[in-house]
Amino acid sequence: MANLSNSTTLQLELHPQDAESELILRTYHSQVKSLRGAALREDKFISREVNVLLSERPGNLNESPNYARFTIAIHDTPLDDDKYNHAFDVLITAICTRNNAAPLPYFNLANIQGDIVPGLPKTVEYFYYFEYHNTSIFTRAFKRFILPRITTALDLTSQQYPLSKDFVGLNFGLGPDGLLLWYRNDSDLQDESFLTGQYRDSLYLGDPGKLKGRWWDPDWDNEFVYGSIDGVFIITAFSEVYADKFVKNLESEFSDAFEKKLLLKCKKADHFGYRSGVSNPQIEGVTFGTTAQPRIQYPGSPVVPMGAIVMGYEGDEGKDERPDWTKDGALMVTRKLNTLVPEFDAFLREQGPKIFPQLSVQDAADRLGARFFGRWKDGTPTELSPDRPDPWVSSNDKNINNFVFDESARQTRCPFAAHIRKSNPRGSISESPYTSFIRRQGMTFGPEVTRAERNTDKTIFERGQHFVCYASSIDRGFKEIQYSSPMLSVQIYSQQSLTEGTEQFNETMFPPGKDVTPGFDPIVGQPGELQKQTLSFITGTDPNNERRVMLLDKFIVPRGGAYLFVPSLSMLAQQRMPNIEVKSVSMLREQRAKEVERRESGASEIIG
């Protein structure tokens, strides 16, 4: 939505148009300057009068550009108040042009929250998880304080970086209970995982825990216990000073409206020390081909249809089954993953010299670590430089991600189970272009490794990765990439339709079709607590003996997570939350918990 507050004229260029042009234009007006975005897009703010004063085309299309020009007058000065003297009237010239290029599909970027695509700019990011307490207060505060401040995809694609140092990005997600209190039915999202929640999926994901009756009780932090998270505020900034100031104002505005469950403060770093974030799926017209980003920053990233990530577009297999309010939204997965960095470094120093005895201890450790990740610490892919980091590759955005795996080289350059090869096989398998793609937007939390931890090779202070990803489906996206043993999963979740051969991090035979078992992803693979007889292992770490098996320790420990829905701004603007007090909120939670249990009855009895 264009802001006309600082100009009385505006040039709009619209591409492309048919020969018979039809211009659909809706404008809004308010004298309150702070009112903008979705909060302004309400019927009561529609402009008083819009008139097309002039419409013209060039006389000879063979000699002139093919276009139509519209001159439009927008009147918002009150009719009964002459003192403003047309102060709120504007004149617009809209030029609609044609070209021979195939038209890009229309994406309503002003209606899509910006962290989904292209991603909120940040050096720090706060995740503020909450539980409703007084929804009448929440409703008023949300419309007043949150809705006008949400950063949209249009905000981020229509301007060049850098943003100002005091920039604060804001997005908002809802859990299943939070969505119900918005008077929306969570089953309408057509995603069984969102409905039942990540707590119930924890065994399925390989998280540690124990059987409790007929349910799996994961060893999670208390903040993530099932049913306790209604939503999350996603806050980004370039300085903790501005992020902290926003949180202070947020808590002041909402007062007793919610209970803080967890405020996780993250920063742009990687505790393991390996460069990441260069291979996210790309969407033409959103993450590249825009004013802010004309070209793909890291060539080699997969280009996927919008619907793989955002609901309601081509590539979203469920778009015809969902109601209109789900369009322009996305499902969000968060995972709090504690990292055991001192133990990881010690493991590399111990095992590296066994594989590379000709190297020094540290060089051998660095090379083994590079084969675990598939990249050296500077980001150089081992597929391009298996023996050492290459500054020519790592310092050039055009080179660092622009490669495919050479199948004839087998595992000499990069193990089949290396983290980046599990994440994106890059031609190693034949697969649908719409399957198993997610946009990752997470960050790390906790302090850097201390001297005491390095001296003892033991983790003392909590640190880790707050994994975040977006997709139009949790089942077809995140879970197909992450989930554990297919046989175990089908036994426990027999109500779900699972496709063998698509599981990646936790499936030892992925990538498929190899005559050697690749093993687990050495970084994020989770064998599962009920599979203690299955040792975590990897092959291919020795480039001279690809069948050599290396047993792995666990370097990442899941401590909780959530499945959330990040709605469109139009859905958030149509807030219909009633004056429900704490007692009524609890009643709705109980009703929903019973419904979830009813759906799962029979499917989970097998583990009892």
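Residues numbered from 1 in each chain as written. Predicted model: local features only at pLDDT ≥ 70, side-chain atom pairs only at ≥ 80, totals over all residues. Heavy atoms only, no water.

*Asks:* Before we move on, can you summarise the environment of Gln31 with the specific residues and values?
*Replies:* Looking at where Gln31 falls in the secondary structure, it is placed in the loop between strand S1 (9–14) and strand S2 (49–56). With relative accessibility at 47%, the residue Gln31 sits in the partly exposed group. Each C-alpha atom of the pair Gln31 and Phe45 lies 9.9 Å from the other, and the pair is 14 residues apart in sequence. (Helix = DSSP H or I, 4+ residues; strand = E, 2+ residues; numbered from the N terminus. Buried < 20%, exposed > 50% of the residue type's maximum accessible area, 1.4 Å probe, protein only.)

*Asks:* Give a description of the packing of helix H1 (residues 135–146) against helix H6 (residues 240–254) that names residues and reports values.
*Replies:* Following both chains from N to C, one finds H1 and H6 inclined at 140°, their axes separated by 9 Å at the closest point. Here H1 is positioned oblique relative to H6, judged by the angle of their axes. Of the residues in H6, those touching H1 at Ile137, Phe138, Ala141, Phe142, Arg144, Phe145 and Ile146 are Phe246, Asn249, Leu250, Glu253 and Phe254. (Axes fitted to C-alpha atoms, helices over the stretch in contact; angles between N-to-C directions. Parallel < 35°, antiparallel > 145°, perpendicular 65-115°, else oblique. Contact = heavy atoms within 4.5 Å.)

*Asks:* I'd like a rundown of the nonpolar core, residues and numbers included.
*Replies:* Judged by nonpolar contacts, the single largest core of 72 residues is most densely connected at Phe138, Phe233, Phe254 and Phe372. For Phe233, the residues in contact, after removing those within four places along its chain, are Tyr126, Phe127, Tyr128, Phe130, Phe138, Ile146, Asn171, Phe172, Leu250, Phe254 and Phe258. Counting residues in hydrophobic clusters, the runner-up holds 37 residues, among them Leu156, Phe445, Ala562 and Leu564. (Core = buried A, V, L, I, M, F, W, Y, C linked by side-chain atoms within 4.5 Å.)

*Asks:* Talk me through the pairing of strand S11 (residues 330–339); I want residue IDs and the actual numbers.
*Replies:* Within S11, 10 of the 10 residues are buried, leaving the element largely enclosed by the surrounding structure. As judged from the 10 bridges shared by S11 and strand S17 (residues 556–566), these two strands associate in the antiparallel manner. Residue pairing across strands places Lys336 opposite Gly560, the latter belonging to S17. Where S11 and strand S14 (residues 464–471) come together, eight bridges link them in antiparallel fashion. Across the sheet, Asn338 pairs through a bridge with Gly464, a residue of S14. (Pairing = 2+ DSSP bridges.)

*Asks:* Describe the packing of aromatic side chains, listing the residues and the values that go with them.
*Replies:* Two measures describe an aromatic ring pair: the distance that separates the ring centres and the angle between the ring planes. Evaluation of the coordinates by the stated rule reveals 35 aromatic pairs. Between Phe138 and Phe254, the ring centres sit 5.1 Å apart and the planes meet at 55°, which makes this aromatic pair tilted. With a gap of 116 residues between them, Phe138 in helix H1 and Phe254 in helix H6 connect regions that are remote in the sequence. In this pair, the class of Phe138 matches that of Phe254, namely buried. (Phe/Tyr/Trp six-rings, centres within 6.5 Å; stacked < 30°, edge-to-face > 60°.)

*Asks:* Please give an account of H1 that cites residues and values.
*Replies:* In this model H1 runs just 14 Å from its N-terminal to its C-terminal C-alpha over 12 residues, more than 12% under the 16 Å that 1.5 Å per residue would give. Considered for burial, the residues of H1 that qualify are Thr135, Ser136, Phe138, Thr139, Ala141, Phe142, Phe145 and Ile146. (Expected span 1.5 Å × (residues − 1).)

*Asks:* I'd like to hear about unusual backbone geometry, residue by residue, with values.
*Replies:* A cis geometry characterises the amide bond from Val117 onward to Pro118, with omega recorded as 0°. For Pro118, the position within the fold is in the loop between strand S4 (90–97) and strand S5 (124–132). If you check the backbone angles, Ser255 has positive phi at about 50° while not being a glycine. Considering the arrangement of structural elements, one finds Ser255 in the loop between H6 and strand S10 (258–267). Taking relative accessible area as the criterion, Ser255 reaches 47% and is therefore assigned partly exposed. Positive phi outside glycine occurs at Asp328, with the angle close to 75°. If you trace the backbone, Asp328 turns up in the loop between S10 and S11. The class of Asp328 is buried, set by a relative accessible area of 4%.

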